[in-house]
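What the coordinates show
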Amino acid sequence: MGLLGFLAMQSCSETLIDREVTDGGVTLTLKLASIEQMPFTKVVNCMTKGITSPVGICSKISFAVYSYEGDALTKKQENQDFGSEGFGCATFNLEEGTYRVIVIAHGGDSNPTMTNPSKITFSNKDGLKTTDTFLYSADVDITKDTRELNLDLKRVVAMFQIRLDDEDLPEGVKQLRFDYTGGSSTIDGMTGLGCVNSKQSETLDCQPGTMEYGVYTFIRSDSNTLKVKVSALDGSGAVLKEMELQDVPITCNYITRYTGKMFANEILTSAFSVTLNGEWAGTNDYTF
């Protein structure tokens, strides 16, 4: 069975054996060339400190190289933190052959678990959390002539955002909690799609004068809408006000923005309008 056939058989529930590929005679260097509409303006030089200006897009990058050996899928992985030496550039010693190369850049505080390329999960100090995430995934034939690959990473998340038209947040509102379903917190690194039907939740601290707040999700092949509940919390976590939005449309690399007044009266009302965005490819705007 070839590598592609083996990977295609992996389901989201299976766990792959995690052991390193035996070092060989080919040195392959992977360099980030661009991240979704934000090309690096400086040449990446692995002999220096690497990328110095990713414009705050990502805080971590994980490089993984997979190969099929016998009945096991083996993996080499290198994780990097923004600001570290060689950030955005990784080197692997490999035997000649065909490999699956998966590179993930994201804004989380922990490295993803990439044992199974078809089920890549993220954990953060506050639990599961989806951040702005970018992916490169391809099969690569490594030969003696292969020395360097320049990688273009594409955004693989959608954002849901609310823009509050209220004059200001009420004094007692300290946080906004988003509870949402319809997306995924786990990505299939082979396809770039979400592969778990997740119940996602994220709590954001409110900042004075800030009226836009957003959360991320991976889009599943069987769902392109979210159900979202937004809760305003006081300093102790008690709910002061809630609103629910049904059938929120989402598109990869777009911001779906709902605009409206959440605190206009004491009764729970939803009068939002909608938009989709990209530095991001675009913003789709709606009103609530």
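These numbers come from a predicted model, not from an experiment.

1. Some points on the overall build of the protein chain
Assigned secondary structure in the protein chain consists of one helix and 17 strands. Counting across all 288 residues of the protein chain, residues that qualify as buried make up 50%. Taking the contacts inside the protein chain whose residues are at least 6 apart along the sequence as the reference set, 68% of them involve residues at least 24 apart. Accessible surface computed for the protein chain: about 13,200 Å², of which carbon and sulfur atoms make up 46%.

2. A short note on the confidence of the model for the protein chain
Per-residue confidence for the protein chain averages 79 on the pLDDT scale, and 76% of its residues sit at or above 70. When the criterion is pLDDT under 50, residues 1–23 qualifies, and its contacts beyond four places in sequence or with other chains add up to 57 contacts. Counted against residues more than four places away or in other chains, residues 38–56, with its pLDDT under 50, gives 38 contacts.

3. A closer look at the packing of aromatic side chains
In the structure shown here, the tally under the stated rule is four aromatic pairs. Arranged with centres 6.2 Å apart and planes meeting at 75°, the rings of F160 and F178 form a pair that is edge-to-face. You can see F160 sitting in strand β9 (residues 158–164) and its partner F178 sitting in strand β10 (residues 175–181), a full 18 residues away along the chain. Considered together, F160 and F178 belong to a single accessibility category, that of buried residues. Feature note: the residues F160, F178 and Y258 constitute an aromatic cluster, connected by ring pairs.

4. Here we look at the sheet that holds strand β13 (residues 225–233)
The four strands are arranged β11-β10-β13-β14 in an open sheet whose pairing can be described as antiparallel. With one partner strand each, in any of the chains shown, β11 (199–205) and β14 (239–249) form the two edges of the open sheet. For this sheet, the mean angle separating the axes of adjacent strands, direction not counted, is 15°. Examined bridge by bridge, β10 and β11 share seven bridges and lie antiparallel to one another. Considered in β11, the bridge of F178 is made with E202.

5. Comments concerning the pattern of salt bridges
Between side chains of opposite charge, pairing is possible as soon as their charged atoms come close. For the coordinates displayed, the defined rule picks out nine salt bridges. Taking the shortest distance from any N to any O, the salt bridge between D139 and R100 comes out at 3.0 Å. Taken together, the positions of D139 in strand β7 (residues 133–142) and R100 in strand β6 (residues 97–106) put the pair 39 residues apart, joining distant regions of the chain. With relative accessibility at 7%, the residue R100 sits in the buried group. One salt bridge connects D179 with R177, and the closest N-O pair in it is separated by 3.0 Å. For D179, a relative accessible area of 23% translates into the label partly exposed.

Basis of the calculations
Along each chain, residue indices are assigned from 1 in the same order as the chain's sequence is written. This being a predicted model, a pLDDT of at least 70 is required before a residue's local features are given, and a value of 80 or more before pairs of side-chain atoms are given or counted; all residues contribute to the totals for chains, interfaces and linings. In computing side-chain properties, one takes all heavy atoms of the structure into account and sets aside hydrogens as well as water. Helical segments are the DSSP runs of H or I of at least four residues, strand segments are the runs of E of at least two, and each set is numbered from the N terminus. To sort residues, take the accessible area from a 1.4 Å probe on protein chains only and compare it with the maximum for the residue type: under 20% means buried, over 50% means exposed, and anything in between is partly exposed. Residues are treated as being in contact if the distance between any of their heavy atoms lies within 4.5 Å. Surface accessibility in these figures is a Shrake-Rupley result with a 1.4 Å probe; residues are shielded only by whichever protein chains are displayed. Confidence per residue, as judged by the predictor, is encoded in pLDDT with a range of 0 to 100. Note on ring pairs: Phe, Tyr and Trp rings are taken, using the six-membered ring of Trp, and paired if centres are within 6.5 Å. Classes follow the plane angle, with under 30 degrees stacked, over 60 edge-to-face and the rest tilted. Here, any two strands with at least 2 DSSP bridges between them count as paired. Here the axes come from fitting lines to C-alpha atoms, over the contacting stretch only for helices, and the angles between their N-to-C directions go from 0 to 180 degrees. Definition used for salt bridges: Asp or Glu carboxyl oxygen within 4 Å of a side-chain nitrogen of Lys or Arg.

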